[in-house]
Amino acid sequence: MEIKEIINNCCSLAVYSEGQKIIKKSSDNDFKKIIEAWNSMTDGALEMPAFGVSIDKYTKEQLKSGLWVEFIFDAQLSHCDMPFSKLLVNVVGNFKGFNLSRYTQEAGYAGRCFYLQLSDDMSDFEKVVKSCI
């Protein structure tokens, strides 16, 4: 299964807006809207090797500003031999590709990321996420 499809298996998500964390459960309409927008945005996206890595301390500092979506899973999963229980993306409307930072209990947001190259940009996804805050 591709990483963009794995997102559909998350049990909840968190939206971070300027450091404020808002949890959306799978039963919430906002959760469904965000997942639908994700699927639309990633339709035709290509998974590619990421150039960067996540550093837990730096990533947690970055969560204090901007717009982020954290996909939360009910168990540790693995993709391309890289484990995670959460995936985090910085939502920036004009981005046409982005890293998904992996979180594990042992290391936090540390290590290699996944990268998705979009066929368009994140602007529609950004609008939907902002409407759910």
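Residues numbered from 1 in each chain as written. Predicted model: local features only at pLDDT ≥ 70, side-chain atom pairs only at ≥ 80, totals over all residues. Heavy atoms only, no water.

Caption draft 1: Quick peek at helix α4 (residues 123-131). Among the residues of α4, those classed as buried are Phe-125, Glu-126 and Val-129. Taken down its axis, α4 places every buried residue within 100 degrees of arc, on the same side. Exposed and oriented more than 90 degrees from the buried face of α4 are Asp-124, Lys-127 and Ser-131. (Buried < 20%, exposed > 50% of the residue type's maximum accessible area, 1.4 Å probe, protein only. Helix = DSSP H or I, 4+ residues; strand = E, 2+ residues; numbered from the N terminus. Arc of directions from axis to C-beta.)

Caption draft 2: Spotlight on the nonpolar core. Among the nonpolar cores identified, the biggest contains 31 residues, and Trp-38, Phe-71, Phe-98, Leu-100 and Phe-125 are the most heavily contacted of them. For this core, the secondary-structure elements that each account for two or more residues are α1 (3-6), β1 (12-17), α2 (29-42), β4 (67-79), β5 (82-90), β6 (97-103), β7 (111-117) and α4. No other element matches the six residues that α2 contributes to this core. In this structure, Phe-98 is in contact with Trp-38, Met-41, Val-89, Phe-114, Tyr-115, Leu-116, Leu-118 and Met-122, ignoring residues within four places of it in sequence. Among the nonpolar cores identified, the runner-up in size contains eight residues, and Ala-14, Ile-72, Leu-88 and Tyr-103 belong to it. (Core = buried A, V, L, I, M, F, W, Y, C linked by side-chain atoms within 4.5 Å. Contact = heavy atoms within 4.5 Å.)

Caption draft 3: Region of interest: the pattern of salt bridges. Across all of its chains, the model carries five salt bridges by this definition. Lys-60 is the partner of Asp-56 in a salt bridge, and the nearest nitrogen-oxygen pair spans 3.1 Å. Separated by four residues within a single helix, Asp-56 and Lys-60 lie in helix α3 (residues 56-62), roughly one turn from each other. For Lys-60, a relative accessible area of 41% gives the class partly exposed. Ionic pairing is found between Glu-126 and Lys-130, a salt bridge with its closest N-O pair at 3.8 Å. In this pair, Glu-126 and Lys-130 both sit in helix α4, four residues apart, roughly one turn of the helix. (Salt bridge = Lys/Arg side-chain N within 4 Å of Asp/Glu carboxyl O.)

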